[in-house]
Each structure stands twice: as structure tokens, then as C-alpha cells.
Amino acid sequence: MERKLPLKEIIALGFFMFALFLGAGNIIFPPLLGQQAGGSLLSAITGFLVTGVGLPVLAVYTIAKSSGNLDDLSNRVHPAFGKVFPVIIYLTLGPFFGIPRTGTVTYEIGVAPFLSNESSMGLFISTFVFFLITFWLALNPAKLVDRVGKVLTPILLLSIVIISIRGFASPIGSIGEAAGKYREGAFFGGFVEGYLTMDAIAALVFGIVVINRVQEMGIKTTSFIRSYTIKAGIIAGIGLSFVYISLSYIGATSAEAVGMQENGGAILSSVTSLLFGPFGSIILALVITGACLTTSVGLVAACGEYLSQRFTRLSYPVVVTILCLFSFTMANLGLSQLIAVSIPLLIMIYPIAIVLILLSLLHSYIPVTRAVYIGAIMGAGLVSIYDGLTTAGFEVAAITSGFAMIPFYSNGLGWLIPSIVGGLLGLLFKYAKLLNWAASSK
């Protein structure tokens, strides 16, 4: 009879997934949202949780239903799409953006504040050590749950809990007034900020890592693998919700004491110094370093397992070595250029990934035809690809004016209605073909 995982192992698995999601961006976004939302914090954080937590959990559920196979999900659209889209996802979130950024953010927030003089040598040494540790942890994926879920994550979570408790018990100020986009439409402001965390895409990447870890624990039955993966996703979602609510509240009460800041990192740095004195910088450095390290390890492991399966001539250790060396190099030499290319690419693919997740979720209960997938993806892609090109500096005024007439376009959700319309047109196309077939067969 197949063994069942004890509760402590399920919690460790959930902590592991939580750590994979919780990168530096997830820690820096909420304080800025809180400071700008002010009195509209409740509406803003609700919108943020819908997309920053709800979508990733749904993505975990979806990827668990497909046994972690992003290729299978993508093939529902079209075989050509299935060959290209997953590779773009893994490379963009991996060596082309996500992994190098974890090394540079660790240096900028976790190391540089303690150096008397910043230099390229400091960045070189910091990223070298960072990616050496990443390589060591990712090289043996079977031990990831023990090393990350049982060791690194509790330290990371404890540091955040300490900051949160102090921030709630001794707030440094009162909640300020809403500013900017949060004066009106705070929910939509938080909604867009939440999906910009990119965690829904990350769930598609991390799903295979978690599923493989469940299998290595001796669970072979598909239904049990799905169940444990989904439970881990729920635990991760609860953890993320706690972090987002706590840090956004700290941001909302910070304006009086530290003034309006341009980014969440500056807010957290100032607040932790006020709350903990000289130890504040140390606590923040631990949080950022832990968050970046666990995300880096997860991304390297996910990309390593996927690419070694996709390109069978490359073994997992070889792929991990290449990923770490490439990411180390780019973190020191070309990250700014990579970011300039990667952010537009992320803007292009994120709405497409959301549509794929939602349709796949529906597919779990009601069969969705390929025509609907194609129509919905094309509708979302029409807007999101143009938005990405606009971000990269390729804008056509006439097209922008036309797209501005689409509902929710000004809220960053211009892809939503075209996607729905495209899906409905795909459905009509499918039924028209069926009716023609029925008529011709009589």
C-alpha cells in the first residue's frame, strides 16, 4: 500500500513552494502599494491578493492536474505553440531575467549597504558566492525540500514575522491618504500590481519541481501527487497572503515617518532602521538574501529539470552548471540590457499565460475545444504583444488611440475583453463547422 505523507512533510512541502514564490519583488511591491494606497489599503490589497495569490494558486492547481507538464497545456492551443511557448517561459523567468536578477538584488540590498565603497569587485565576489550556493543547493534536487522547506524557509519566514509583529505592535505612523491611481479604482490598481509579480507564470515553472519532489517522497499515485501539490500551493498562498498584508500595512503607516518613497526597498530599509535601529539593516539583508536565494534555487532547478528533459543530450548537472555560469556572467555584465529586453517580453507573455491557466482550469471540468484556446490566446496576444512593443519603445499613435477605446485598457487589462471575444468567436467557429458537417452528412 502506498505511503501517505505526514502533516509535517506536507507543511515542509508548502514552505518549500512558498519560498520558491517569495522573491525580492514580492517583498518590495507590498510596502509601496501600502504607502500609495493609504486609506484605500483594504480595496488595494484585496485586488493584489486576487492576482498575486489567487492566480498563482489556480496555476498550481492547473499544473498539478496536468502532472506538471506545461508542454501538454500549451499543446492544447497548437503543437507549434506547444514547442515555443514553454521554452520562452522557462528562458525568460530563468537565465534571461529571473535568475540573474536574484544575484544583483541580493548584492544591492543585502551586501552593498555594509560596504564602505561599492565596486565591481564587490558585485563580482557577492554574485560568485551567491551562484556557488545556488549551484550547490540545486545540484541535488531530491534534497531541496529538506534544505529549503525545512531550513531556509523557516529562517526567512521568522525574519518577516519579526518585522511584521513589530510593525503592527508599534506602527511608526498613522495610515496616510491614497495617492495616484489608488485615489480612484484602488482595487484595479492592486489587481494590476498583483499580476505584475509574475507569480502565475512562476507557478507554471515551479509546478514540475514540486511534483518531482512529491514523487521522490515515494508518492506514485497520480491523484495523491495532485492532492499534495495542491495542498502545498494552498499553504504557499496562505504564507504569501500573510506577507503581503503585513508589509502593505507597514507601508501604509510609513509615510509620516519616512516620506513618500519611489520604491518598496527604500521604504523597508527606512522602516526597519526606525523599528530596530542598527539591527534593522541586518534583518532586512537576511530577508532579501533568503528570498532571492530560495527563488534562484527554485528557478535553476525548474529550468534544469525542464531543459534536461526537453533536450535529452544535456544532463541535469550540465544544464545547472550552464545556468549558474550564464546567470553569474549576466548579473555582472549585461543585466541592464537583459532587463530592457525581458520586461517587454514578460508584458507580452503574461496575459497569454493567464488565459492559458484559466482555460486549462475550465478544461478540467468542461472540455474546451482548440478553436476556443486559439481564439482566446490570439485575442489576448493581440493587445499584450503590442503593449510589450510599446514598453520597448515601438509605439504607433493610431494603434494606441484605437486600443485606448477597449474597456479596462487604461487599467492595464486591455487584453481581457479581446480574449473573451476571441474565445467566443472560436466557439462559434467550432459550432459552425459542426453544423456544416451535420448538413453535408444528411
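These remarks concern the structure in this document. All of these numbers come straight from a predicted model, not from anything done at the bench.

Things to note about the overall build of the protein
For step 1, the next point in the chain: Counting its regular elements, the protein contains 19 helices and 0 strands.
For step 2, the next point in the chain: Over its C-alpha trace the protein gives a radius of gyration of 22 Å, about what one expects of a compact globule, namely 22 Å for 442 residues.
For step 3, the next point in the chain: A principal-axis box enclosing the C-alpha atoms of the protein has dimensions of 85 × 55 × 45 Å.
For step 4, the next point in the chain: Here the protein, with 442 residues, has 53% of them falling under the buried criterion.

What to know about the packing of aromatic side chains
For step 1, the next point in the chain: Going through the model one piece at a time under the given rule, you end up with 15 aromatic pairs.
For step 2, the next point in the chain: Judged by centre distance (4.8 Å) and plane angle (15°), the ring pair of F81 and F85 falls under stacked. Residue F81 and its partner F85 are located together in helix α5 (residues 79-93), separated by 4 residues, close to a single helical turn. Each member of the pair F81 and F85 is classed as buried.
For step 3, the next point in the chain: Ring centres 4.5 Å apart and planes at 5° place the aromatic pair F168 and Y249 in the stacked group. You can see F168 sitting in helix α8 (residues 144-169) and its partner Y249 sitting in helix α11 (residues 222-252), a full 81 residues away along the chain.
For step 4, the next point in the chain: Between the NZ or CZ atom of R166 and the centre of the ring of F276, over which it lies, the distance is 5.5 Å.

Brief notes about a nonpolar patch on the surface
For step 1, the next point in the chain: There is a patch of nonpolar side chains on the surface, built from M121, F124, I125, F128, V129, L132, I133 and W136 and spanning about 780 Å² of accessible area.
For step 2, the next point in the chain: Checked against the element boundaries, V129 lands in helix α7 (residues 120-139).

Description of the side chain of T62
For step 1, the next point in the chain: Note on placement: T62 falls in helix α3 (residues 41-65).
For step 2, the next point in the chain: Look past the residues within four positions of T62 in its chain and what remains in contact with it is L73, I357, S360 and L361.

Some points on unusual backbone geometry
For step 1, the next point in the chain: Not every positive phi belongs to a glycine, and F408 is a case in point at roughly 70°.
For step 2, the next point in the chain: Counting through the fold element by element, F408 comes out in the loop between α18 (397-403) and α19 (416-440).

Remarks on the packing of helix α1 (residues 7-21) against α8
For step 1, the next point in the chain: For the pair α1 and α8, interaxial distance at closest approach is 8 Å and the crossing angle is 70°. Taken together, the axes of α1 and α8 lie roughly perpendicular to each other. Of the two elements, α1 crosses α8, and the hand of that crossing is left-handed. Taking contact as the criterion, the partners of E9, A12, L13, F15, F16, F18 and A19 in α1 are, on α8, L144, V145, V148, G149, K150, T153, P154 and L157.
For step 2, the next point in the chain: Class assignment for the residues of the contact of α1 with α8 results in 11 nonpolar, 2 polar and 2 charged.

Some details on the packing of α3 against α11
For step 1, the next point in the chain: Between α3 and α11, the least distance of the axes is 9 Å, while the angle of their chain directions is 160°. Between α3 and α11, the crossing angle belongs to the class labelled roughly antiparallel. Where α3 crosses over α11, the handedness of that crossing is right-handed. Contacts from L41, I45, F48, L49, G52, V53, V57, V60, Y61, A64 and K65 of α3 reach α11 at R226, T229, I230, G233, G237, L240, S241, Y244, I245, S248, Y249 and A252.
For step 2, the next point in the chain: Each residue belonging to the contact of α3 with α11 can be placed in one class, and the counts come to 15 nonpolar, 6 polar and 2 charged.

Overview of the environment of Y350
For step 1, the next point in the chain: Along the chain, the position of Y350 falls in helix α16 (residues 335-363).
For step 2, the next point in the chain: Separated by 53 residues in the primary sequence, Y350 and V297 have C-alpha atoms spaced 22 Å apart.
For step 3, the next point in the chain: Discounting residues that sit within four places of it in the chain, Y350 has contacts with Y195, M198, D199, A200 and I201.

Focus: helix α2 (residues 24-37)
For step 1, the next point in the chain: Between its first and last C-alpha, α2 extends 21 Å over 14 residues, near the 20 Å set by a 1.5 Å rise per residue.
For step 2, the next point in the chain: Taken across its 14 residues, α2 has 12 buried, putting it largely inside the fold.
For step 3, the next point in the chain: Taken together, the buried positions of α2 are occupied by A24, G25, N26, I27, I28, P30, P31, L32, L33, G34, Q35 and A37.

As for the side chain of T253
For step 1, the next point in the chain: Relative to the elements of secondary structure, T253 occurs in the loop between α11 and α12 (255-258).
For step 2, the next point in the chain: We classify T253 as buried; its relative accessible area is 3%.
For step 3, the next point in the chain: Contact partners of T253, with chain neighbours within four places excluded, come to P171, I172, G173, S174 and I175.

Some words on the pattern of salt bridges
For step 1, the next point in the chain: Inspection of the entire model under this criterion finds 5 salt bridges.
For step 2, the next point in the chain: Note that E9 and K150 form a salt bridge whose closest N and O atoms lie 3.2 Å from each other. Here the residue E9 occupies a position in helix α1, and K150 occupies one in helix α8, the gap between them amounting to 141 residues.
For step 3, the next point in the chain: E9 gets classed as buried once you look at its relative accessible area, which sits at 15%.
For step 4, the next point in the chain: Connected via shared salt-bridge partners are R213, E216 and E305.

Conventions adopted
Residue numbers here run from 1 along each chain, matching the order of that chain's written sequence. Two thresholds apply to this predicted model, a pLDDT of at least 70 for residue-level local features and 80 or more for giving and counting side-chain atom pairs, whereas whole-chain, interface and lining totals are computed over all residues. Excluded from the side-chain calculation are hydrogens and water; included are all heavy atoms of the structure. For helices the rule is a DSSP run of H or I covering at least 4 residues; for strands it is a run of E covering at least 2, with both sets numbered from the N terminus onward. Atoms counted for the radius of gyration: C-alpha only. Globule rule: 2.2 Å times the number of residues to the power 0.38. Think of it in three bands: residues with accessible area under 20% of the maximum for their type are buried, residues over 50% are exposed, and the middle band is partly exposed, with areas taken using a 1.4 Å probe on protein chains only. For Phe, Tyr and Trp, where Trp contributes only its six-membered ring, two rings pair if their centres lie within 6.5 Å, and the inter-plane angle classes them as stacked under 30 degrees, edge-to-face over 60, or tilted in between. Here, a charge over a ring is recorded when the distance from Lys NZ or Arg CZ to the ring centre is within 6 Å and its angle to the ring normal is within 35 degrees. The patch calculation keeps residues exceeding 30% relative accessible area without a salt bridge and links them within 9 Å when they carry like charges or within 5 Å when they are nonpolar (Val, Leu, Ile, Met, Phe, Trp, Tyr). In this description, accessible areas are obtained by the Shrake-Rupley approach with a 1.4 Å probe, and a residue is regarded as covered only by the protein chains that are shown. Think of a salt bridge as a Lys or Arg side-chain nitrogen and an Asp or Glu carboxyl oxygen that are within 4 Å of each other. Two residues qualify as a contact provided that any one of their heavy atoms is within 4.5 Å of a heavy atom in the partner residue. Note on method: axes are straight lines fitted to C-alpha atoms, helices fitted across the in-contact stretch only, with angles between N-to-C directions ranging 0 to 180 degrees. Here the angle decides the label: under 35 degrees means roughly parallel, over 145 means roughly antiparallel, 65 to 115 means roughly perpendicular, and every other value means oblique. The crossing is said to be left-handed when, going from far helix to near helix, the turn is anticlockwise and less than a right angle, and right-handed when the turn is clockwise. Gly falls in the polar group here, along with every residue not listed as nonpolar (Ala, Val, Leu, Ile, Met, Phe, Trp, Tyr, Cys, Pro) or charged (Asp, Glu, Lys, Arg). Any helix carries an expected span of 1.5 Å times its number of residues minus one.

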